Amino acid sequence: MIGFLRTLLVLMVPFLCFLISSCTERYVNSNSPTSYVPQLAPGQAQLTFFWPTGLGDDVTTLVALANNDGQLNLVGTISPGERIVQNLNPGKYTYVIGGLADQLLEASLEANKHYYVRIEAQWIDLLSGFTFVPISPQMLSSHPDLQIGLMACSIVVPNADGENWFAKEYKSLKEKLDHPSQIFVLKATDGFNVPIGGL
């Protein structure tokens, strides 16, 4: 019995990895690394999406921001080991993520604060989805590995391939915005006065 389970596991792992990769339509060149780190301007807030390395390192997802008219703008494409940094005016923002999960992030940002959201892969009927995980100071204090994961991530910006992918997925992302199954909340009080690890 143990031998059978071991064989099944050996066969299933490559299959599951294939599902993750194929169902997220990996766009290898959808973003470009950059050495530029946006500095927080006085009166603005900074929001960082990051994805620590782990299972499914060969996948990529999209993050989009809804504007006041209900339309979407590409924030970036992100894979494990990467992060996206945005400087924004204080206020409330709504974000959509690619993949199978119909999930949104509602963020309330205060001036001169740093905010962090981890991207996490999840399973949905054996297919790949992604979710937002807002990071609070309390969470960081109880999970110091989060800081290590963040500091290991490289900043990326979308390129032409990322923009093309976004255009292709726009209808699906808009449906998520209009009919979410779950909404995650990044509270104004989740902000950090000093950036994590100086990032």
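Residues numbered from 1 in each chain as written. Predicted model: local features only at pLDDT ≥ 70, side-chain atom pairs only at ≥ 80, totals over all residues. Heavy atoms only, no water.

Caption draft 1: Molecular detail of the overall build of the chain. Within the chain, the regular secondary structure consists of four helices and 11 strands. Within the chain, contacts between residues at least 6 apart in sequence are counted, and of these 76% link residues at least 24 apart. Carbon and sulfur atoms make up 58% of the accessible area of the chain, which amounts to about 10200 Å² in all. (Helix = DSSP H or I, 4+ residues; strand = E, 2+ residues; numbered from the N terminus. Contact = heavy atoms within 4.5 Å. Areas by Shrake-Rupley, 256 points an atom, 1.4 Å probe, with all protein chains shown as cover.)

Caption draft 2: Summary view of the environment of Lys171. Relative to the helices and strands, Lys171 is located in helix H4 (residues 160-178). Overall, Lys171 belongs to the exposed group, its relative accessible area being 63%. Taking the C-alpha atoms as reference points, Lys171 and Leu72, separated by 99 residues in sequence, lie 9.9 Å from one another. (Buried < 20%, exposed > 50% of the residue type's maximum accessible area, 1.4 Å probe, protein only.)

Caption draft 3: Spatial organisation of the pattern of salt bridges. The tally for this structure, following the rule as stated, stands at five salt bridges. The salt bridge partner of Asp102 is Lys176, with a shortest N-O separation of 3.7 Å. In this pair, Asp102 is assigned in the loop between strand E6 (91-97) and strand E7 (103-109) and Lys176 in helix H4, connecting sequence segments 74 residues apart. A residue is classified by how much of its surface remains accessible, and Asp102, at 32% relative accessible area, is partly exposed. Overall, the relative accessible area of 3% leaves Lys176 in the buried class. Between Lys113 and Glu110 there is a salt bridge, with the nearest N and O atoms lying 3.3 Å from each other. By relative accessible area, Lys113 is classed as buried at 17%. On the accessibility criterion, Glu110 (36% relative accessible area) is partly exposed. (Salt bridge = Lys/Arg side-chain N within 4 Å of Asp/Glu carboxyl O.)

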